[in-house]
Amino acid sequence: GLGKEGAAAIREFVEGGGTLVALASASEYAIDELQLPVRNVLGKAKSEEFLCPGSLVRIEVGTSHPVTFGLPASLPAFLDGPLAFQTSMPGAEMTRTVLASYPAEARDVLVSGWIRGAEKLARNAAAVVLTPGKGKVVLLGFRAQHRAQTNATFPFLFNALAWSVM
């Protein structure tokens, strides 16, 4: 919907010092358009391999970043799509921080509901922060604001907005 001009404007905004917060599938757009060293490991997964139609999954939070301020080390998040991040080492012009990841063991991923392919989430990132140029990009692999989301994930969004002016 944004086209080439919109993508260029977002890139210019971020590189100039702006903060972009992308929720769920919008993260894939940001990854592609900003050429971030992140990929969705479930991007090409078929429903026979991975399916999560709306379940609570456990995420393990790194609590030392401003975006995760005040969050517990582990919390449930509502996941309703195939999205898990894998990052690679960025160049010297960018930093990368994994804010939250799925548990190492597939059996520990699901909190409530059902999921096919939990092992595809295990050990992958659920939320990532990158700093391209002078800007900041927060990728949340879940919709932190969604009506079915647990209240525990709202701080990811609110803290990201507060961090944007730090």
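Reading the values: the criteria
Residues numbered from 1 in each chain as written. Predicted model: local features only at pLDDT ≥ 70, side-chain atom pairs only at ≥ 80, totals over all residues. Heavy atoms only, no water. Helix = DSSP H or I, 4+ residues; strand = E, 2+ residues; numbered from the N terminus. Rg over C-alpha atoms; globule rule 2.2 N^0.38 Å. Buried < 20%, exposed > 50% of the residue type's maximum accessible area, 1.4 Å probe, protein only. Contact = heavy atoms within 4.5 Å. Areas by Shrake-Rupley, 256 points an atom, 1.4 Å probe, with all protein chains shown as cover. Phe/Tyr/Trp six-rings, centres within 6.5 Å; stacked < 30°, edge-to-face > 60°. Axes fitted to C-alpha atoms, helices over the stretch in contact; angles between N-to-C directions. Parallel < 35°, antiparallel > 145°, perpendicular 65-115°, else oblique. Nonpolar A, V, L, I, M, F, W, Y, C, P; charged D, E, K, R; others polar. Salt bridge = Lys/Arg side-chain N within 4 Å of Asp/Glu carboxyl O.

**Brief notes about the overall build of the protein chain**
Check the secondary structure of the protein chain and you find 3 helices and 9 strands. Mapped in sequence order, the helices and strands of the protein chain form the string α-β-α-β-β-β-β-β-β-β-β-α. Since a compact globule built from 166 residues should have a radius of gyration of about 15 Å, the 15 Å found for the protein chain is in line with a globular shape. When burial is assessed residue by residue, the protein chain has 45% of its 166 residues classed as buried. Of the contacts formed within the protein chain by residues at least 6 apart in sequence, a portion of 71% connects residues at least 24 apart. Counting only carbon and sulfur atoms, one obtains 53% of the accessible surface of the protein chain, whose full area is about 8,500 Å².

**Points about the packing of aromatic side chains**
Tallied over the entire structure, the rule returns 2 aromatic pairs. Between the aromatic rings of Phe-142 and Phe-156, the centroid separation amounts to 5.4 Å while the plane-to-plane angle is 75°, which identifies the pairing as edge-to-face. Within this pair, whereas Phe-142 is found in the loop between strand E9 (136–140) and helix H3 (154–163), its partner Phe-156 is found in helix H3, the two being separated by 14 residues in sequence. Judged by its relative accessible area of 0%, Phe-156 falls in the buried class. Ring centres of Phe-154 and Phe-158 lie 6.2 Å apart, and the angle between their planes is 55°; on these two criteria the pair is classed as tilted. Taken together, the residues Phe-154 and Phe-158, both in helix H3 and 4 residues apart, mark about one turn of the helix. Phe-154 sits in the partly exposed class, given a relative accessible area of 26%. Take Phe-158: its relative accessible area is 52%, and that puts it in the exposed class.

**Looking at unusual backbone geometry**
We note that Ala-24 has phi near 50°; this positive angle belongs to a residue other than glycine. Tracing the backbone shows Ala-24 in the loop between strand E1 (19–23) and helix H2 (26–34). Positive phi, normally seen in glycine, also occurs at Gln-35, with a value near 50°. Positionally, Gln-35 belongs in the loop between H2 and strand E2 (38–40).

**Considering H3**
Buried within H3 we find Phe-156, Leu-157, Asn-159, Ala-160 and Trp-163. The secondary structure elements touched by the buried residues of H3 are E1, strand E3 (55–61), strand E4 (74–79), strand E6 (96–101), strand E8 (125–130) and E9.

**Let's talk about the packing of helix H1 (residues 3–15) against H2**
In contact at an axis separation of 10 Å, H1 and H2 are set at 80° when each is read in the N-to-C sense. Regarding the angle of H1 to H2, the classification is roughly perpendicular. Residues Gly-3, Gly-6, Ala-7, Ile-10, Arg-11 and Val-14 of H1 touch H2, and the partners they reach there are Tyr-29, Glu-33 and Leu-34. Broken down by class, the residue content of the contact of H1 with H2 amounts to 5 nonpolar, 2 polar and 2 charged.

**Description of the pattern of salt bridges**
For the structure on display, the rule yields 3 salt bridges. Where Arg-11 meets Glu-33, a salt bridge forms, and the shortest distance between an N and an O atom there is 4.0 Å. Note that Arg-11 is positioned in helix H1 and Glu-33 in helix H2, a separation of 22 residues in sequence. In this structure Arg-11 comes out as partly exposed when scored by relative accessible area, which is 27%. Across the salt bridge formed by Arg-143 and Asp-80, the nearest N and O atoms sit 2.2 Å from each other. Pair noted here: Arg-143 is in the loop between E9 and H3 and Asp-80 is in the loop between E4 and strand E5 (85–87), with a separation of 63 residues, a long-range link. Accessibility expressed as a relative area gives 28% for Arg-143, which makes it partly exposed. The exposure class assigned to Asp-80 is partly exposed, which follows from its relative accessible area of 33%.

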